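# Remarks on the overall topology
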Amino acid sequence: MHRSHRRTRTPGRSRTPGRSRTPGRSHTDARGRTGAAGRTGAVVRTGAAVRTGIAGLAGAPARYTTTGRPRTPVRARLRVRGAAAVCAVVLACALGAGPGPGNGPGSGSAAPSPAAGSIRWGDCPEKPVADGMTCGSVTVPLDHDDPAKGTIRVALARIPATAPGRHPLGSLLLNFGGPGGRGTTSLAADTATFAKLGERYDLVTFDPRGVGLSEPVSCGGSQEVGDRVPADAASQLAALRAVARRCALHSGPVLPYVGTVQVARDMEVIRRALGERKLNYLGFSYGTRLGAVYAALFPRRTGRMVLDGVDTLGEPLAEQALASARGRQRALERFLTWCAHRQSCVYGTNTRTAKESVDDLVARLDRDPLIGDDGSWFTGQDAVDAIASALYAQAAWPALADALALAERRHDPVGLMQLGGPTGPVPDAGDGPATVPADNAEAALTAVNCADDPDRSEDRAAPAAIEREIRDLEPEFRAVSEVFGPGQLGTVLACYGRPAGTDFIRRIDHPGAPRMLLVGTRGDPATPYEWTEETARRLGSAVIVDHKGDGHTGYGTSACVRGYADAFLTEGRLPHGTRACPAGE
């Protein structure tokens, strides 16, 4: 047996986009960062080789993915008419009449939350911290629509401006991505990227509600249903409901009030607590959704805003999952084209056969995983996770090429394992006054994605009908990508057993916000350039920077992108029309 050096895999851990990372930081860093590396939900998986139907689905609600809709919209085929569909209609009607539960106002005239008062800055509860960094918190309503339900505290971190004599600009609020990403630890880990902005701005960030030190949610461990659950659809779906109940039990009162709309309203409280007339903001990946929602809720309070790695405002989770598979496949093919120009590329110079070889590697490892002496294994889905992780940053491509060569030539997966990063949970921060549950990032990611998606009513459908619809979708997902399609298919049940979310985000349409800057990267495996164009149309007030490079987001890797963003944030200079930033510049 081959020694795989395999770390114990955390059930339910899935490396999906994320979802976005700290600008300039390799996506292979440990997961605590800035945009989430995954969209993880409750997992119904009986093994990597079983990746279709109900049994075998890894629930990971994809968000930062690439565009393009199937000929028949996934949403229409997955949606089962029932009470949740009626609820979505009610929410839509409430938006026309005024604030609905969890939605906030659509006109930008939100009823103010209770006065936040000043923030008392002091020592940070966790180490390490950046030079000059202090921490604090702000009190926000648990439910912005019903402040009588009580309050929670949102954790903040700040680095004061380093050259305040040069026309100080006040505070710049940053969000590095997610959902589930912690702002406080992300800012502490990477200040150099924002050094120019930090000369004239106080750099401020926060752990969104439900995340980190801000009333963290938890599912009490894994969101995987486990291998002991019978493989029939009814048992698997019942297990998913049980996972949702366990998340509610371990999360406390904050869980029903997580979601992008609630966090955007928290940002308004933060603005007032900072004493800023308008909110200046820089958001990455999921942070772009937060920024766009804030601008829709509070257009007259929106200042200079830059959104990089722009998220969709309209796609349901199921369509995002298909788009995610397509986006990753596109990024993989760009990588293989790059690899073909290297003399040492294990797949040679033919990119078509190279794509087929990667497909074969994943299928082969699913059929015959590499088994370690300790009984652990490395499967095809593990390889998919590692490849997806490396595609987030072009700086990781040489390591990915070497890892694939090692796996193909020596049947050794250690290089791919290193690219995938730690697969176990992040341990509790036991040296601080408050600890964060090990599963918080995953639990928050699922909770927020589900809170933002109104298209769910599967609970009233017969298990056999749901299983049939999932199986009917399999050819479509495989046609998009043999490598990424099967895993992304599993995301369509990530929110099963949870209440349907808000319809507010999907209804954003020209809210009257001031002009802002949106950055889209052509080779982004998580947030496609098309989403940048879509969100710009929805906001009706955006200038686009078209970054021709690869990887997720552009600010940290492109001096050209950074130049446009910094000029707008510090000088207010915003060009007219789309501007291009060539790859490598």
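Residues numbered from 1 in each chain as written. Predicted model: local features only at pLDDT ≥ 70, side-chain atom pairs only at ≥ 80, totals over all residues. Heavy atoms only, no water.

Bringing the overall build of the protein into the picture now. Helix and strand content of the protein: 17 helices and 11 strands. Counting all 585 residues of the protein, 61% fall into the buried class. Pairs at least 24 apart in sequence give 76% of the contacts found in the protein among residues at least 6 apart. Accessible surface, the protein: about 21300 Å² in total, of which carbon and sulfur atoms supply 52%. (Helix = DSSP H or I, 4+ residues; strand = E, 2+ residues; numbered from the N terminus. Buried < 20%, exposed > 50% of the residue type's maximum accessible area, 1.4 Å probe, protein only. Contact = heavy atoms within 4.5 Å. Areas by Shrake-Rupley, 256 points an atom, 1.4 Å probe, with all protein chains shown as cover.)

Inspection of the secondary structure puts Ala399 in helix α11 (residues 397-410). We classify Ala399 as partly exposed; its relative accessible area is 38%. Sequence-wise, Ala399 and Leu416 are 17 residues apart; in three dimensions their C-alpha atoms are separated by 8.7 Å.

In this structure, Ser251 sits in helix α5 (residues 233-251). A polar contact of 2.7 Å, which involves the side chain of Ser251, links it to the backbone oxygen of Cys247. (Polar contact = N/O pair within 3.5 Å; in protein donor to acceptor, adjacent residues only side chain to side chain.)

The predicted model of the protein averages 79 in pLDDT, with 77% of residues at 70 or higher. Between residues 1-52, whose pLDDT stays under 50, and residues either more than four places distant or in other chains, the model counts 259 contacts. Scored below 50 in pLDDT, residues 58-116 makes 195 contacts in the model with residues more than four places away or belonging to other chains. (pLDDT = per-residue confidence, 0-100.)

On to the pattern of salt bridges, then. Using the criterion set out here, one finds 22 salt bridges in the structure. Between Arg522 and Asp546 there is a salt bridge, and its shortest N-O distance comes to 2.8 Å. On the criterion of sequence distance, the pair formed by Arg522 in strand β9 (residues 516-523) and Asp546 in strand β10 (residues 542-550) is long-range, its members being 24 residues apart. Looking at Asp546, the relative accessible area reads 5%, which means it is buried. (Salt bridge = Lys/Arg side-chain N within 4 Å of Asp/Glu carboxyl O.)

With that settled, the discussion passes to the state of the cysteines. Under the counting rule described, the total for this entry stands at five disulfides. Across the disulfide, Cys339 is cross-linked to Cys345 (sulfur-sulfur distance 2.1 Å). Of note, the bridge from Cys339 to Cys345 carries an S-S torsion of about 110° and is right-handed in sense. One exposure class covers both Cys339 and Cys345, and it is buried. The disulfide partner of Cys560 is Cys581, and the gap between their sulfur atoms is 2.0 Å. Disulfide Cys560-Cys581: torsion about the S-S bond near -75°, hence left-handed. With Cys560 in helix α17 (residues 559-571) and Cys581 in strand β11 (residues 579-581), this pair connects stretches of sequence that are 21 residues apart. Across the protein, the way the bonded cysteines pair up, counted in sequence order, is 1-2, 3-4, 5-6, 7-8, 9-10. (Disulfide = S-S within 2.5 Å.)

Attention shifts here to the environment of Val384. Structurally, Val384 is set in helix α10 (residues 380-390). Its relative accessible area of 2% is what places Val384 among the buried residues. Along the backbone, Val384 and Leu416 are 32 residues apart, and their C-alpha atoms lie at a distance of 9.3 Å. With near-sequence residues (within four places) excluded, Val384 lies in contact with Val362, Val483 and Phe484.

Take the environment of Asp453 next. In this structure, Asp453 sits in the loop between α13 (440-451) and α14 (463-480). Sequence-wise, Asp453 and Pro316 are 137 residues apart; in three dimensions their C-alpha atoms are separated by 6.3 Å. In this structure Asp453 touches Pro316, Leu317, Ala500, Gly501, Thr502 and Arg506, once residues within four positions along its chain are discounted. Within the structure, Asp453 has its side chain in polar contact with the side chain of Arg506 (distance 3.4 Å).

Another aspect to go through is the packing of helix α8 (residues 317-340) against α11. Between α8 and α11, the least distance of the axes is 11 Å, while the angle of their chain directions is 80°. Taken together, the axes of α8 and α11 lie roughly perpendicular to each other. Between α8, through Arg334, Phe335, Trp338 and Cys339, and α11, the contact on the second element is made entirely by Trp397, Pro398, Leu400, Ala401 and Leu404. Among the residues making up the contact of α8 with α11, the classes are represented as eight nonpolar, no polar and one charged. (Axes fitted to C-alpha atoms, helices over the stretch in contact; angles between N-to-C directions. Parallel < 35°, antiparallel > 145°, perpendicular 65-115°, else oblique. Nonpolar A, V, L, I, M, F, W, Y, C, P; charged D, E, K, R; others polar.)

Another point: the packing of helix α6 (residues 260-274) against helix α7 (residues 286-297). Running from N to C, α6 and α7 point in directions that differ by 70°, and their axes come no closer than 9 Å. Classified by the angle their axes make, α6 and α7 are roughly perpendicular. Once α6 is placed against α7, the crossing between them reads as right-handed. Contacts between α6 and α7 involve Thr260, Val261, Val263, Ala264, Arg265, Met267, Glu268 and Arg271 on the former and, on the latter, Tyr286, Arg289, Leu290, Val293, Tyr294 and Leu297. The residue makeup of the contact of α6 with α7, split by class, is nine nonpolar, one polar and four charged. (Left-handed = near helix turned anticlockwise from the far one by under 90°.)

This part takes up the sheet that holds strand β4 (residues 202-206). If you walk across this open sheet you meet the nine strands as β1-β2-β4-β3-β5-β6-β9-β10-β11, and the pairing is mixed. Sheet topology places β1 (134-141) and β11 at the edges, where each strand pairs with a single neighbour. The mean angle between the axes of side-by-side strands here comes to 20°, regardless of whether they run parallel or antiparallel. Bridge count between β1 and strand β2 (residues 151-159): eight bridges; the pairing is antiparallel. In the sheet register, Pro141 faces β2, and the bridge partner there is Thr151. With respect to the sheet, α7 is in contact with β3 (171-175), β4, β5 (279-284), β6 (302-308) and β9, its orientation differing from that of β6 by roughly 155°. (Pairing = 2+ DSSP bridges.)

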